[in-house]
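Residues per chain are reported as follows:
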Amino acid sequence: LRFYCRIWVVGKLKLYDYIMIAALVATWGLCVVNHYQLKYGTGQHAKDPNLPPDSTEATRALLVGAATSWYTYQIVYIVALALVKFSILFFYLTIATQRTFRILVVISIFVVAIFSTTMIFINAFECPKHPSFALTPGIFVYREKMQCFKLPSLYFSQAGINMFTDTAILVLPMPILVKLRMPTLKRISLLVVFGVGLLVPIASGLRIWGLYLWATSGNLTRYYGGYVLFWSQVELNTAIVTASAPSLQPLFRQIFGQLSRFQRTHNPYYYYGGQRT
């Protein structure tokens, strides 16, 4: 709907639209990564110990796939989330008429860029002394021995900062919108459109709940890893949907404009006849 509106109603795509296209592609890519994570055991209960073990080669292939897919997930998730935030902030720049608001938006862009770049490097080099070790089966057993970062601490810190930046981006334009000189009903409807973004911090909070279940589940870590994947997708898709809401306004104006013109033609003279002035 967003891109239909931007291309066929407005007739123009802007920078923040292209960034959102990249975010959408990254989210689809993360969906593919999630598929392989589930294929290699995430979201499944551990096998019954009474069952015969798999062959060593098959077990190693499974562990390599699990390590590779989780490694890829960590990076693609951060990239997708950063792109959504960049799209929103660059959209803010197009409506930023006040100098203070514009400065705050630019600062927010730099904060998101620095944080996201830092997190990508930390996740990419989660085993600083032996970076390639993160892609081997040993990462599930010898993480502490190889002095790799602890994933629960890393994930919780990322999630906390993401939730903070989500909330900050949400409230950033609110003071400007409240002060706009327009009819009260129109101003309220505009606040509601932007306020839909409140769903994003809520989704982020639910992902933190999923991380908590995963980090405290003991032997069920692999099973509760599925919760992390699920709520990550909810968070990203909610962010994309809510960030696209303001872009649908021209489409609604066109639809309701056509309805009002249709209604105006059906006046009393239409039904009862008579001369129109």
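Residues numbered from 1 in each chain as written. Predicted model: local features only at pLDDT ≥ 70, side-chain atom pairs only at ≥ 80, totals over all residues. Heavy atoms only, no water.

By the naming in an unreviewed UniProt entry, the chain goes by Rhodopsin domain-containing protein and is assigned to Melanomma pulvis-pyrius CBS 109.77. As stated in UniProt under Sequence similarities (unreviewed entry), the record for the chain gives "Belongs to the SAT4 family." Heading Subcellular location (unreviewed entry) of the UniProt record for the chain holds this comment: "Membrane". (UniProt positions renumbered as here; feature names shortened; annotations may be inferred.)

### Considering the UniProt feature "transmembrane region" (unreviewed entry) in the chain
Per the UniProt record, the feature "transmembrane region" (unreviewed entry) sits at residues 15-36, 75-96, 103-125, 159-178 and 190-215. Within the segment residues 159-178, helix and strand shares are 90% and 0% respectively, and the terminal C-alpha atoms sit 30 Å apart. (Helix = DSSP H or I, 4+ residues; strand = E, 2+ residues; numbered from the N terminus.)

### Focus: unusual backbone geometry
Its identity as a non-glycine residue notwithstanding, Q147 has a phi of 60 degrees, on the positive side. In this fold, Q147 is placed in the loop between α4 (99-124) and α5 (151-171). You can call Q147 partly exposed: its relative accessible area is 48%. (Buried < 20%, exposed > 50% of the residue type's maximum accessible area, 1.4 Å probe, protein only.)

### Digging into the packing of α4 against α5
Two elements in contact, α4 and α5, have axes whose closest approach is 12 Å; the angle formed by their N-to-C orientations is 170 degrees. Taken together, α4 and α5 sit at an angle that is classed as roughly antiparallel. Between α4 and α5 lies a crossing whose hand is left-handed. Judged by residue contacts, F115, M119, I122 and N123 of α4 engage L154, Y155, Q158, I161 and N162 from α5. Tallied by class, residues from the contact of α4 with α5 come to six nonpolar, three polar and no charged. (Axes fitted to C-alpha atoms, helices over the stretch in contact; angles between N-to-C directions. Parallel < 35°, antiparallel > 145°, perpendicular 65-115°, else oblique. Left-handed = near helix turned anticlockwise from the far one by under 90°. Contact = heavy atoms within 4.5 Å. Nonpolar A, V, L, I, M, F, W, Y, C, P; charged D, E, K, R; others polar.)

### Digging into the environment of T42
Position of T42 among the secondary structure elements: in the loop between α2 (15-39) and α3 (56-95). Counting along the chain gives 27 residues from T42 to S69, while the straight-line C-alpha distance between them is 9.9 Å. Reaching out from T42, the side chain makes a polar contact with the side chain of W70 at a distance of 2.9 Å. (Polar contact = N/O pair within 3.5 Å; in protein donor to acceptor, adjacent residues only side chain to side chain.)

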